[in-house]
Amino acid sequence: DASDIEKGTYPHYMLKEIDEQPAVMRKIVQAYQNEEGELSIAKDTLDAVNASDRIYIIACGTSYHAGLVGKEYLEKTAKIPTEVHVASEFVYNTPLLSEKPLFIFISQSGETADSRAVLVHVKELGHPALTLTNVAGSTLSREANHTLLLHAGPEIAVASTKAYTAQIAVLAILAEAAGKAKGFEMKFDLIQEMGIVANAIQTLTDDKEAFEQIARDFLSTTPNAFFIGRSMDYHVVQEAALKLKEISYIQAEGFAGGELKHGTIALIEDGTPVVALATQENVNLSIRGNVKEVAARGASTCTISMKGLEEEGDSYVIPHVHELLAPLVSVVPTQLIAYYAALHRDCDVDKPRNLAKSVTVE
Ligand code: G6P
């Protein structure tokens, strides 16, 4: 049938979509380049961003996790205070808003009811809204004042992969354009760095056996697993845990490395898998310390580090990319590990139980 054709030679959409990520990164850069070859965002959208005194990112699931990374860009590059909220919470417990808020809705489908409920509320209050979505003409796009498209191509697997990296890439471009418009000096060339990111992701997707092996070694029979990271890596481990839960049904949690000792470390037993990400220089020593803490309590540890920060005994070293863009790359091993863990446990990778691709009820 038609879906078989679309999947090509891939056994699952999820694997195909993971593999598409280098191409999606390049496509996004192209799509946002102007005639001079510079990254640019529509003027009315940029004006809305730069007129705001605080940005409220609203999203659900994987898109919420992309928002956590986006906040870093908007604050560090565009210097706009930014909050990230789960849509279903925001609706019933709206925080005190700033004077000139801008709402950014992140939604792959553009149809998520929880996010739409916030959009309706925000419009009633008269505040501007920008939607980042993969689907032109989707509800959240039509109803917002501004739209930025993800250009990721259709995402079919319920577990989101390429939409997550696309969302982060578009947020990086938005933050850079906003910062430049304000006259801030950019610390790096985003176009060039995105090219390095695309190549780095390609290296990882070409090395699938390594991640299949990690999944086999650490996750084939375990009832639970922990992911730890600090700073940017903390955002990514939350997504890593969600991915693993969604498709392999392994109970998983993504924790801030330093927070584990305040309670959750009680769950570490002999052989409990703990996957650590180590891509951020300023917290490298601290996350290494956290790995030692759990290892001393019997955990089976798997550290995925970035070139330049690696230590002997790391399970995998990803290619070096700019630290702020590391989430685009470090998430890929965790996607592949989740994929193979689900496969080894005979789970329905593309259609996990109880989940829908797009949830159109609140
Ligand atoms: C559903 C999907 C998730 C997705 C979330 C938000 O729960 O199963 O994978 O992250 O909705 O979807 P959206 O389309 O708004 O990004």
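Residues numbered from 1 in each chain as written. Predicted model: local features only at pLDDT ≥ 70, side-chain atom pairs only at ≥ 80, totals over all residues.

Focus: the packing of helix α4 (residues 43–51) against helix α9 (residues 162–181)
Inclusion rule: Every axis in this analysis is a line fitted to C-alpha atoms, fitted for helices over the stretch in contact. Angles between the N-to-C directions lie between 0 and 180 degrees. In this description a helix means any DSSP run of H or I spanning at least four residues, a strand means any run of E spanning at least two, and both kinds are numbered starting from the N terminus. Each angle gets one of four labels, with under 35 degrees taken as roughly parallel, over 145 as roughly antiparallel, 65 to 115 as roughly perpendicular, and the rest as oblique. Remark: residues whose backbone-derived C-beta atoms lie within 7 Å of one another are considered to be in contact. The nonpolar class holds Ala, Val, Leu, Ile, Met, Phe, Trp, Tyr, Cys and Pro. Asp, Glu, Lys and Arg form the charged class, and all remaining residues, Gly among them, are polar.
Running from N to C, α4 and α9 cross one another at 75°; their axes reach a closest spacing of 10 Å. Judged by the angle between their axes, α4 and α9 are roughly perpendicular. On the side of α4, the interface is formed by L46, V49 and N50, while α9 contributes L174, A177, A178 and A181. Looking at the contact of α4 with α9 residue by residue, the classes come out as six nonpolar, one polar and no charged.

Some remarks on the site of the ligand
Note the threshold: Only the C-beta atom matters for nearness: placed from the backbone, it must lie within 6 Å of the molecule or strand for the residue to count as near.
Taken together, 16 residues sit near the ligand, with G61, T62, S107, S109 and T112 positioned nearest. Per-element tally for the shell around the ligand: the top contributor is helix α5 (residues 61–76), with three residues.

Concerning the sheet that holds strand β6 (residues 224–229)
In any sheet, the strands associate via hydrogen bonds between backbone groups, in a parallel or an antiparallel arrangement. Rules: Criterion used throughout: strands pair if DSSP finds at least two bridges between them.
The five strands are arranged β7-β6-β8-β9-β10 in an open sheet whose pairing can be described as parallel. Two strands in the sheet have a free side with no partner beyond their single neighbour: β7 (251–256) and β10 (316–318). Averaged over all adjacent pairs, the angle separating strand axes in this sheet is 20°, with direction ignored. Two elements, strand β8 (residues 273–278) and strand β9 (residues 300–306), share six bridges in a ladder whose sense is parallel. Residue pairing in the sheet places P273 in a bridge with S300 of β9. Across the face of the sheet, helix α11 (residues 208–219) comes into contact with β6, β8, β9 and β10 while running at roughly 155° to β9.

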